[in-house]
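# Secondary and tertiary structure notes
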Amino acid sequence: MHEWALAEAVARTVEELVVKGRDVREVEVVLGELQAVDEGVFELALKELFEEMRREKGIDVQGFKITREKAAFKCQVCGHTWTLEEWPVKEEFREAVHFVPEVVHSHYSCPRCGSRDFEITAGRGVKVRVI
Ligand SMILES: [Zn+2]
């Protein structure tokens, strides 16, 4: 399942940090707004994987919190920046963007100059921060 794959990626990142000598007690997992995730399933998966790390590898992560990062876009032509809320995007398209961020370029353009040459500057993927 998708959520488990993401949680495993997070757990692996934490494990690597610990192996490199970092003191990891608590982590913040930042989920991009464009990353389609069932947070309940994700949280459960992460709990279980951290528990497994404690049992099998002695890596003791005491806690984690999940936060969301807002999506942001930047036009390469006029330099305009905007968020998903500021975009006059149809609701059903918003859903599509969550699943396949790449489709955004074929359907939408910069709200200021109309260029399709823009980039997604935030809100994709999953990040791990040590608290
Ligand atoms: Zn523009």
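Check the entry above for the structure.
I will try to describe carefully the structure that is included in this document. Everything numeric in this text was worked out from a predicted model, so none of it was measured.

The rules behind these values
As a convention, each chain's residues are numbered from 1 in the sequence order in which they are written. Given that this is a predicted model, residues contribute local features only at a pLDDT of at least 70 and side-chain atom pairs are listed and counted only at 80 or more, while totals for whole chains, interfaces and linings are drawn from all residues. Derived side-chain values reflect all non-hydrogen atoms in the structure, with water molecules and hydrogen atoms excluded from consideration. The pairing criterion for strands is at least two bridges between them, as found by DSSP. A helix here means a DSSP run of H or I that spans at least four residues, while a strand means a run of E at least two residues long, and both kinds are numbered starting from the N terminus. For helices, the fitted axis covers only the stretch in contact; all axes are lines through C-alpha atoms, and the angles between them, taken along N-to-C directions, range from 0 to 180 degrees. Whether two residues are in contact is decided by their heavy atoms: any pair within 4.5 Å suffices.

### Description of the sheet that holds strand 2 (residues 63-69)
Strand order in the open sheet made by the 3 strands is 2-1-6, with mixed pairing throughout. The open sheet has two edge strands with one neighbour each: strand 2 and strand 6 (126-130). This sheet shows a mean twist of 25 degrees between the axes of neighbouring strands, independent of strand direction. On the sheet, helix 2 (residues 39-57) packs against strand 1 (26-32) and strand 2 and is oriented at approximately 150 degrees with respect to strand 2.

### So, the sheet that holds strand 4 (residues 81-83)
Taken in spatial order, the 3 strands line up as 4-3-5 in an open sheet, and their pairing is antiparallel. Each edge of the open sheet carries a strand with a single partner, namely strand 4 and strand 5 (118-122). Across the sheet, the axes of successive neighbouring strands diverge by a mean angle of 30 degrees, strand direction being ignored. Relative to strand 5, strand 3 (residues 72-75) runs antiparallel, the two sharing 4 bridges. By the bridge assignment, Lys-74 is partnered in strand 5 with Glu-119.

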